[in-house]
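Each chain, letter by letter, is given below.
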Amino acid sequence: MNTTAPTLWRLTAAAAALTVLAGCASVSPAGLQGRAMEQAARSAPALATQLPPTDPATRSEAQAQLRTWLAQPLTQDNAVRIALLHQPALRVRLAELGIQDAQRVQALQLPNPHLTLGRLVNGHEREIERSLSFGLLDLITLPWRTQRQAEARDHATLLAAQDVLQVAADARRAWLRAVAAEQVAAVHSRMVEAAEAGAELAQRMARTGNWSRLQWAREQALLSDARASQARAQLAAATAREQLHRTLGLWGDNARFTLASSLPALPTVPADLLNAQALETQALEKRLDLQAARRQLDTTSTRAGWAGAAALFGSVGLGYQRNTTTERDSGHRDTTRGWELELPLPLFDWGGAARTRAQAEVEQAAAQLQDTAVRARSEVRSAWLTYRTALDLARQQQSQVVPLRQFISDETTLRYNGMLASVWDMLAEARNSTQAVAHAIEAQRDFWLAETDLQLALTGTSPGALQGLASGAA
């Protein structure tokens, strides 16, 4: 009894079953986008995570929500929500998840078997050859390849989550700069009004002969400087607003909105911040670039274990043949069946180069992880120092400098009412007070920018930190 054919048919059935299982993998870009947003939310719980719309119905709802947000003064939280929902660059990055997911599913698909047909004829007989072959190694390594592709998917998700955090941080920075720039521009407008009043009074006094032309020229110079500062402040406000438009992805009618009137108030105490050492520990646990570096090291170490074997037995093939020979004279038909196993002979390549490369990749991934950890600790310390210094300066401006200038202005007014100070003293103190207010607004802006950078250093990464990891995960 010939048991070869049933055995081959069982092998073929098993291969078909594995093929069906491999074909069950499907592309789910929306699922990967959701995983990326969830990962970003775990790193930054206060982040408003909502997927950019894909279908027309959801997109129309998002547009209606966008118009609702823009109809009222734009707050910092709404700016972040608009950027996450509407920024084209983020949609491009999230769409890349669909491409990477399709590549993952393609890598899990088994290659199609090869069917070979042949017809050989001589003077006495005709031979028909049929063979079916497929790569045996692709079947054997399917579980390992599934695990590898899952790790690559998680790595891509971490990269997309980092982009989500970066977009949110950019939106916060753009909003802070735009609001502060408009406040500073309004302060410079009041400074111009005071300078215009002084210049007008100086001109009248010069006409009556009570002032010299030198004193009049000094007031005119102050007015010119004030107008130049106002022009620069208005330009800075317009530029900051355009930067906010780009960051939020707004154009056309959507770009017409009203900003909030002022920046958020300074915190009374640093919230949830202890010291630099505690922050370093928090960063080492939550930073996305460190998580990606750890996953990359684990993946590379696992792959290095069988790199040499893969180089030796990378083209193992299994085939089944059924050949039919027919004699022309008698019509007698003879059928032969059998199987063949194709194995590479390691005569020249014993896998040494592959093992050396795998070991070097492990060392590279380990060094990348160490470098990322060192950079993370340093960035957190620098961001913490900047945060505390910016907070101290902002508090000093609001609690000491501005009240002191207000006290000097009030005392000057009292002296003017008692005819102990001139109107020029009052105008000079008005200019100094408004300048102090402008410095206080800028210090308040710098603090919130430092706070945004600190939160990004604790949860995300520095710009370009994941580029090496992205190349290593290919």
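All values derive from a computational prediction rather than experimental measurement.

## Focus: the overall build of the chain
Looking only at helices and strands, the chain has 14 helices and 4 strands in total. The buried share among the 474 residues of the chain stands at 39%. Taking the contacts inside the chain whose residues are at least 6 apart along the sequence as the reference set, 81% of them involve residues at least 24 apart. Accessible area for the chain stands at about 26,100 Å²; split by element, carbon and sulfur atoms hold 55% of it.

## Section: the confidence of the model for the chain
Within the chain, residue pLDDT values average 76, and 76% of them lie at 70 or more. At the level of individual helices and strands, the chain shows its lowest average pLDDT in helix H14 (residues 467-472), which scores 35, and its highest in helix H8 (residues 213-248), which scores 88. Segment residues 1-9: pLDDT under 50, and 5 contacts once partners within four positions in sequence are set aside and those in other chains are kept. With pLDDT under 50 throughout, residues 463-474 is counted as low confidence; its partners more than four residues away or in other chains account for 19 contacts.

## Here's the deal with the packing of aromatic side chains
All chains considered together, the criterion is met by 3 aromatic pairs. Measuring from ring centre to ring centre gives 5.9 Å for Trp 384 and Tyr 387, while their planes differ by 20°; the resulting arrangement is stacked. Of the two residues, Trp 384 and Tyr 387 are both situated in helix H12 (residues 352-417); the distance of 3 residues between them amounts to about one turn of the helix. Measuring from ring centre to ring centre gives 4.9 Å for Phe 447 and Trp 448, while their planes differ by 65°; the resulting arrangement is edge-to-face. Residues Phe 447 and Trp 448 agree in their burial class; the two are buried.

## A closer look at the nonpolar core
The biggest cluster of nonpolar side chains holds 60 residues, and the ones touching the most others in it are Leu 74, Ile 82, Trp 175, Leu 244, Leu 248, Leu 259 and Phe 447. Those elements that provide at least two residues to this core are helix H3 (56-70), helix H4 (76-86), helix H5 (88-108), helix H7 (142-207), H8, helix H9 (276-286), H12 and helix H13 (423-459). Counting residues per element, this core draws most heavily on H7, which supplies 17 residues. Those residues within four positions of Leu 259 in sequence are excluded, and the remaining contacts are Pro 73, Leu 74, Trp 175, Ala 178, Val 179, Glu 182, Arg 241 and Leu 244.

## Let's talk about the pattern of salt bridges
Applying the stated rule across the entire model yields 13 salt bridges. Between Arg 227 and Glu 196 there is a salt bridge, and its shortest N-O distance comes to 3.4 Å. Pair noted here: Arg 227 is in helix H8 and Glu 196 is in helix H7, with a separation of 31 residues, a long-range link. The exposure class assigned to Arg 227 is partly exposed, which follows from its relative accessible area of 44%. By relative accessible area, which is 34% here, Glu 196 ends up partly exposed. A salt bridge links Glu 280 to Arg 381, with the shortest nitrogen-to-oxygen separation between them at 3.1 Å. Of this pair, Glu 280 sits in helix H9 while Arg 381 sits in helix H12; the two residues are 101 residues apart in sequence, bridging distant segments of the chain.

Criteria and cut-off values
- Residues numbered from 1 in each chain as written.
- Predicted model: local features only at pLDDT ≥ 70, side-chain atom pairs only at ≥ 80, totals over all residues.
- Heavy atoms only, no water.
- Helix = DSSP H or I, 4+ residues; strand = E, 2+ residues; numbered from the N terminus.
- Buried < 20%, exposed > 50% of the residue type's maximum accessible area, 1.4 Å probe, protein only.
- Contact = heavy atoms within 4.5 Å.
- Areas by Shrake-Rupley, 256 points an atom, 1.4 Å probe, with all protein chains shown as cover.
- pLDDT = per-residue confidence, 0-100.
- Phe/Tyr/Trp six-rings, centres within 6.5 Å; stacked < 30°, edge-to-face > 60°.
- Core = buried A, V, L, I, M, F, W, Y, C linked by side-chain atoms within 4.5 Å.
- Salt bridge = Lys/Arg side-chain N within 4 Å of Asp/Glu carboxyl O.

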